[in-house]
Amino acid sequence: MIGTGLFAVVSLCALAAPTLAKGKDAGVDMVATSWYAGYHATDVPLSSISWDKYTHMAFFVATTTDDSAQLSTDMSNGTLLPEFVSLAHKHDVKAGISIGGWTGSIWFSSFTDSAANRTRFVNSVTDFVQKYKLDYVDFDWEYPNRQGVGCNTINANDTANFLAFLQELRQTKVGKKLIISAATSLFPWNDATGAPMTDAKPFADVFDFIEIMNYDVWGPWSASVGPNAPINDSCAAPANQQGSAVAAVKAWTAAGMPTSKIVLGVPAYGHSFYVAPSNAFVANSTTTLAAYPPFNNSLAPHGDAWSGDDLLPTTDVCGNAVGIGGTFAFRGMVEGGFLTAAGDPASGILSRFDDCSQTPYVYNASDGTMISYDNAQSFRAKGNFIKQNKLRGFSMFETGGDFNNVLLDSILEATGMK
Ligand SMILES: *[C@@H]1O[C@H](CO)[C@@H](O)[C@H](O)[C@H]1NC(C)=O
Ligand SMILES: *[C@@H]1O[C@H](CO)[C@@H](O)[C@H](O)[C@H]1NC(C)=O
Ligand SMILES: *[C@@H]1O[C@H](CO)[C@@H](O)[C@H](O)[C@H]1NC(C)=O
Ligand SMILES: *[C@@H]1O[C@H](CO)[C@@H](O)[C@H](O)[C@H]1NC(C)=O
Ligand SMILES: *[C@@H]1O[C@H](CO)[C@@H](O)[C@H](O)[C@H]1NC(C)=O
Ligand SMILES: *[C@@H]1O[C@H](CO)[C@@H](O)[C@H](O)[C@H]1NC(C)=O
Ligand SMILES: *[C@@H]1O[C@H](CO)[C@@H](O)[C@H](O)[C@H]1NC(C)=O
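Procedures and definitions
Residues numbered from 1 in each chain as written. Chains lettered and ligands numbered in written order. Predicted model: local features only at pLDDT ≥ 70, side-chain atom pairs only at ≥ 80, totals over all residues. Heavy atoms only, no water. Salt bridge = Lys/Arg side-chain N within 4 Å of Asp/Glu carboxyl O. Buried < 20%, exposed > 50% of the residue type's maximum accessible area, 1.4 Å probe, protein only. Near = heavy atom within 4 Å. Polar contact = N/O pair within 3.5 Å; in protein donor to acceptor, adjacent residues only side chain to side chain. Areas by Shrake-Rupley, 256 points an atom, 1.4 Å probe, with all protein chains shown as cover. Helix = DSSP H or I, 4+ residues; strand = E, 2+ residues; numbered from the N terminus. Core = buried A, V, L, I, M, F, W, Y, C linked by side-chain atoms within 4.5 Å. Contact = heavy atoms within 4.5 Å.

Things to note about the pattern of salt bridges
Then comes step 1: In the structure shown here, the tally under the stated rule is eight salt bridges.
Then comes step 2: Ionic pairing is found between D409 and K418, a salt bridge with its closest N-O pair at 3.9 Å.
Then comes step 3: Assessed through its relative accessible area of 39%, K418 is described here as partly exposed.
Then comes step 4: Its salt-bridge partner being K418, residue E413 comes within 3.6 Å of it at the nearest N-O pair.

What about the site of ligand 1?
Then comes step 1: Around ligand 1, the surrounding shell consists of A41, N77 and L80.
Then comes step 2: N77 has a polar side-chain atom sitting 2.3 Å from an oxygen atom of ligand 1.
Then comes step 3: When the free accessible area of ligand 1 is taken as 360 Å², the share hidden by the protein chains comes to 38%.

Regarding unusual backbone geometry
Then comes step 1: Here L312 and P313 are connected by a cis peptide whose omega angle stands at 5°.
Then comes step 2: Cis geometry is found at the peptide bond from F397 to E398, where omega equals -5°.
Then comes step 3: Looking at the element boundaries, E398 is found in the loop between strand 14 (393–397) and helix 11 (406–415).
Then comes step 4: Positive phi is not limited to glycine here, since N145 has a value of about 50°.
Then comes step 5: As for its placement among the helices and strands, N145 is situated in the loop between strand 5 (136–140) and helix 4 (158–171).

Focus: the nonpolar core
Then comes step 1: Core analysis: the largest hydrophobic core is formed by 95 residues, its most contacted members being F84 and F139.
Then comes step 2: Apart from the residues within four sequence positions on either side, F84 is in contact with Y36, L46, W51, M57, A58, F59, A95 and G96.
Then comes step 3: Counting 21 residues, the second largest nonpolar core, distinct from the first, contains A58, F60, V61 and Y143.

Points about the environment of A156
Then comes step 1: With respect to the helices and strands, the residue A156 is situated in the loop between strand 5 and helix 4.
Then comes step 2: In the structure, A156 is positioned 145 residues away from P301 in sequence and 38 Å away in space, judged by C-alpha atoms.
Then comes step 3: Ignoring sequence-local partners within four residues, the contact set of A156 consists of N145, D191 and A192.

Coordinates in, geometry out; function isn't part of it.
Next comes the structure, spelled out in structure tokens:
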């Protein structure tokens, strides 16, 4: 899931953006992209983006609305779109719009559930593309024929209807030249039987690439503290095999999506948990952190300002009560004192690097806060994975979550794009 955060306001300094060689200099048409959350523009001004480190960037987000096929940027400060596109183009970066997201997918199903509605939605998308001079559209439907936020319209034929819509979009004058991508679940979308589709080849024909959202694999909804964004899980105990980049790439390629069209979604954030000191360590240790410890949700720590936890109680787009999310952007972990400015555990903060998932954990034994997150080492491992498996590149959620490009530089270097 992406874009779960509320739009809390914090004051963080704008970071300098050193310029480095871009991916295309490596001689391959790889993708280095991220989602720019318009609702964090006050903390992450467009001028602070390290444009030269990217090949593409998607403005997040335009949501589906109940008004027949219309898109809205009300929640994401859409007035910034013209400047976003113009800055991207100035730096030779493809500018895209991400449509949907965790809270913005409510009407995808009804937008696509009849031929007339599909045509209306196609026109709405092509109008939007022309209005803002966009190079690409990134569909972030969470999820076809699988409930997401809780009140999405849903239909057994969602995946087939989505394909019909995309094929129609491709046929248009605008659509022929458009870069079309999609943020996807770990496993191929559900077909009409409710099981992951076994043939994704028709989607491979319409998409330039997909971004597999390999994050939120473990979180506050899980039974214990596990990796937010595991590379691997086949090396974990059976109960801890909840999905990973390895499993996702295997599932999508088995369904016919070529690796050259797979971009790995990578998170610039982590999830926090309250873990009692009695559960946090391996036997007879007060320093070596245990794997998969149990946590207590009723003592859940608040995340950083972007998590919105300090604004509770509130309700989500469905009108349901929102609980403590506990997310920390990487930069929020630095600002909050868990990590140094270089991205290393701060003094007094314990840490562990899990060899199977290839992701780090930190722990504050004084207040029981454990965070499962990503750092330079895990981003390097993800970059190596992308290179070894000949994937197309990476997409980071979200642009402003990094601190001083610690994560971005690491994955660019490992993929060979820097
Ligand atoms: C939109 O972004 C601009 C520039 O950062 C900011 O001045 C303005 O307050 C933002 N508006 C909203 C509604 O967030
Ligand atoms: C088509 O769109 C309209 C307007 O958004 C919606 O009321 C309707 O349920 C959709 N589906 C069909 C099959 O008409
Ligand atoms: C799904 O599509 C089939 C074939 O077009 C149709 O018969 C069926 O009514 C559709 N199901 C739903 C839930 O719309
Ligand atoms: C994943 O784990 C399996 C089982 O231990 C191992 O064979 C494989 O090499 C691992 N793959 C990666 C990318 O770590
Ligand atoms: C932990 O310490 C106790 C008491 O010294 C000892 O009986 C036990 O075997 C130790 N456990 C491990 C796993 O080392
Ligand atoms: C979780 O914390 C609450 C509040 O302190 C406590 O009442 C409860 O017993 C704890 N649950 C577990 C399983 O430790
Ligand atoms: C760790 O916990 C102590 C005790 O509550 C607190 O003073 C300190 O600020 C915490 N450190 C971080 C990085 O949150």
